[in-house]
Amino acid sequence: MAAYGGHELDSCAMTASRDNEERPARRPRVFSGTQPTGALHLGNYLGAMRNYVALQETHDCIYCVVDLHAITIRQPRAELKRNTIETANMFLAAGVDPERSIVIVQSHVPQHTELAWILNTVAYMGELRRMTQFKDKTGGVEGESVSVGLFDYPVLMAADILLYRADAVPVGEDQKQHVELTRDLAERFNNAFGKTFVVPAPIIPPEGARIMGLDDPTKKMSKSAGSAYNYIALTDSPDEIRRKIKRAVTDSGTEVRPGDDKPALTNLVAIYGLLAGEAAETIIDRYAGKGYADFKADLAEVTVDALAPFQARMRELADDKGFTLDVLRLGAERAEAIAARTMQKVHERVGLVPRPD
Ligand code: TYM
């Protein structure tokens, strides 16, 4: 199988712990997921996917396209199908190597939903109601017509992670609370039924964990933002990237520097630094006395250049549909073997009678 990938990335600080490891000695395991709800953006890449790639050097990794999470918000059928394959392609194009890592679609491994059901029996309504993403998605008004799936979303996410006994979970800042809930559920289950799950640690990059919207630096960059000028999609054309960065809001003054009084520049300098692999001080020195226009023009080129190899691989993958399907078929087989072992243990611990042979 040909390998796509090899994106050069600086490795990020890692905080994985193997505190409650019961497995034979081997590399610690990573699990992470991304929703197939449209083109991924720079926030997804800098907050999470960059780490997906880097962690392959030190961990056994499982990366999942979480289609069952995506349907907690209604998705047009054809779009969901297209976005599911495209999201898998984005993992591969960013440098996830399917020979080293397992790449799966969540709905292909039925144990995710089975474990979610069992975890539902230990999760509390109160803790789910306190999840900030749930509050954001329901506008703080939890009414009769909020779906149970949206409410239960974090329990399915916990099942994703615990199913593979993952040690570490690379995510952006916005998913930290969900990983904390996962830890609580793992500990609660272990206390009630006996040691079963590994309690996972989040891996959140020191820089880029919360990339802000280009049109509003007080809110995170998001696919569901009202305007396409909020985000740079990883698949945006060079002209779209230039247009969006030109239109990005800036702060009062002219100085190119981060600071509490400059939320927009803080965000833009962070993006520049991460994509160019440069420290903020180098960028500040370079644009001293130059102003925003020069800085933004260069940031656009830095972004176009950083995304060019990724976009070239996306085109190759789009032309070779069989490759992605092979990756997903093999991924599901390998993942299911791990998942089945965990579920056997869970059934035993809970007291479910094994199906007679
Ligand atoms: P999702 O699909 O919204 O986002 C995928 C990853 O991108 C990160 N991210 C960001 N990072 C920095 N700045 C931003 N503006 C930004 N926006 C998004 C997210 O933190 C995430 O890491 N619930 C998850 C998917 C999920 C999952 C899992 C993750 C399902 N099961 C198990 C880890 C483990 C989500 O909606 O991510």
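The residue count restarts for each chain, going from 1 along the sequence in the order it is written. In keeping with the model being predicted, local features are shown solely for residues with a pLDDT of at least 70 and side-chain atom pairs are shown and tallied solely at 80 or more, while totals for entire chains, interfaces and linings include all residues. Excluded from the side-chain calculation are hydrogens and water; included are all heavy atoms of the structure.

Lay out the packing of aromatic side chains in plain terms, naming residues and giving numbers.
Ring pairs are drawn from Phe, Tyr and Trp, using the six-membered ring of Trp, whenever the two centres fall within 6.5 Å, and their geometry is named by plane angle: stacked under 30 degrees, edge-to-face over 60, tilted for the rest. All told, the structure shown has ten aromatic pairs when counted by the stated rule. Where Phe31 meets Tyr164, the ring centres are 5.4 Å apart and the plane angle is 5 degrees; that geometry is what we call stacked. With Phe31 in strand β1 (residues 29-34) and Tyr164 in the loop between α7 (148-163) and β4 (168-170), this pair connects stretches of sequence that are 133 residues apart. Neither Phe31 nor Tyr164 differs from the other in exposure class; each is buried. Strands are runs of DSSP state E lasting at least 2 residues, helices are runs of H or I lasting at least 4, and numbering of each runs from the N terminus. Three labels apply to residues, based on accessible area from a 1.4 Å probe with only protein chains included: buried if under 20% of the type maximum, exposed if over 50%, partly exposed otherwise in between.

If you had to explain the site of the ligand to someone new, which residues and values would you point to?
What surrounds the ligand is a group of 28 residues, the closest being Gln35, Tyr153, Asp160, Asp174 and Ile211. The term polar contact refers here to a pair of N or O atoms within 3.5 Å; inside protein, the definition further demands a hydrogen-donor-capable atom paired with an acceptor-capable atom, and it admits residues adjacent in sequence only when both atoms are side-chain atoms. Contacts to the ligand include Asp160, whose side-chain N or O atom sits 2.7 Å from a nitrogen atom. The contact in question runs from an oxygen atom of the ligand to an N or O atom on the backbone of Gly172, over 2.9 Å. Only the protein chains shown count as cover for residues, with accessible areas throughout obtained via the Shrake-Rupley method and a probe of 1.4 Å. Within the complex, the protein chains bury 96% of what would otherwise be the 710 Å² of accessible surface of the ligand. Gly falls in the polar group here, along with every residue not listed as nonpolar (Ala, Val, Leu, Ile, Met, Phe, Trp, Tyr, Cys, Pro) or charged (Asp, Glu, Lys, Arg). Of the residues in the shell around the ligand, the class split is eleven nonpolar, twelve polar and five charged. Throughout this document, a residue counts as near a molecule or strand when at least one of its heavy atoms sits within 4 Å of that molecule or strand.

Please provide a residue-by-residue account of the pairing of β1, values included.
For β1, a buried count of five out of six residues is recorded, marking the element as mostly surrounded by other parts of the structure. Relative to strand β2 (residues 60-65), β1 is paired through six bridges, and the arrangement is parallel. The residue of β2 that forms the bridge with Ser32 is Tyr63. Here is how to tell: hold the view so the strands point away, follow the path from the first strand over the helix to the second, and if it runs clockwise the crossover is right-handed. Running through helix α1 (residues 42-55), the crossover from β1 to the neighbouring parallel element β2 is right-handed. Strands are labelled as partners when DSSP assigns at least two bridges between them.

Provide a residue-level description of the nonpolar core, including the pertinent values.
Grouping buried Ala, Val, Leu, Ile, Met, Phe, Trp, Tyr and Cys residues that are joined through side-chain atoms within 4.5 Å yields what is termed a nonpolar core. Of all hydrophobic cores here, the largest spans 58 residues; its most connected members are Met49, Tyr63, Phe91, Leu234, Ile271, Phe295 and Phe310. For this core, the secondary-structure elements that each account for two or more residues are α1, β2, α3 (77-94), β3 (102-105), α9 (238-247), α10 (263-276), α12 (292-318) and α13 (321-350). With eleven residues, the single largest contributor to this core is α12. Either an automatic procedure or a domain database provided the assignment from which the domain bounds are taken. Counting the residues that make up this core, at least three belong to each of domain 1 (11-204 + 320-350) and domain 2 (228-317).

Describe the domain arrangement of the protein, listing the residues and the values that go with them.
Accessible area lost on assembly of the parts is the figure often given for the size of an interface. Annotation of the protein at the domain level lists domain 1 (11-204 + 320-350) and domain 2 (228-317). A separation of 30 Å is found between the C-alpha centroids of domain 1 and domain 2. The contact rule is simple, with two residues in contact once any of their heavy atoms fall within 4.5 Å. Tallying the contact residues gives 18 residues for domain 1 and 14 residues for domain 2. Each of two parts loses accessible area, computed with a 1.4 Å probe, when they are put together; buried area is these two losses added. Interface area, domain 1 with domain 2, both sides summed: about 1400 Å², of which 76% is carbon and sulfur. A pairing counts as a salt bridge when a side-chain nitrogen of Lys or Arg comes within 4 Å of a carboxyl oxygen of Asp or Glu. For the pair domain 1 and domain 2, the interface holds zero salt bridges. Between domain 1 and domain 2 we count five residue pairs in polar contact (both at pLDDT 80 or more) in total. For the side of domain 1 that touches domain 2, the elements supplying multiple residues, two or more each, are α1, α3 and α13. Considering every element that reaches the side of domain 1 that touches domain 2, the biggest residue donor is α3, with six residues.

Outline the side chain of Asn230, supporting the account with residue identities and numerical values.
Relative to the helices and strands, Asn230 resides in the loop between β5 (201-203) and α9. For Asn230, a relative accessible area of 4% corresponds to the buried category. Not counting residues within four places of it along the chain, the set of residues in contact with Asn230 comprises Gly213, Leu214, Asp215, Lys220, Met221, Ser222 and Ala225.

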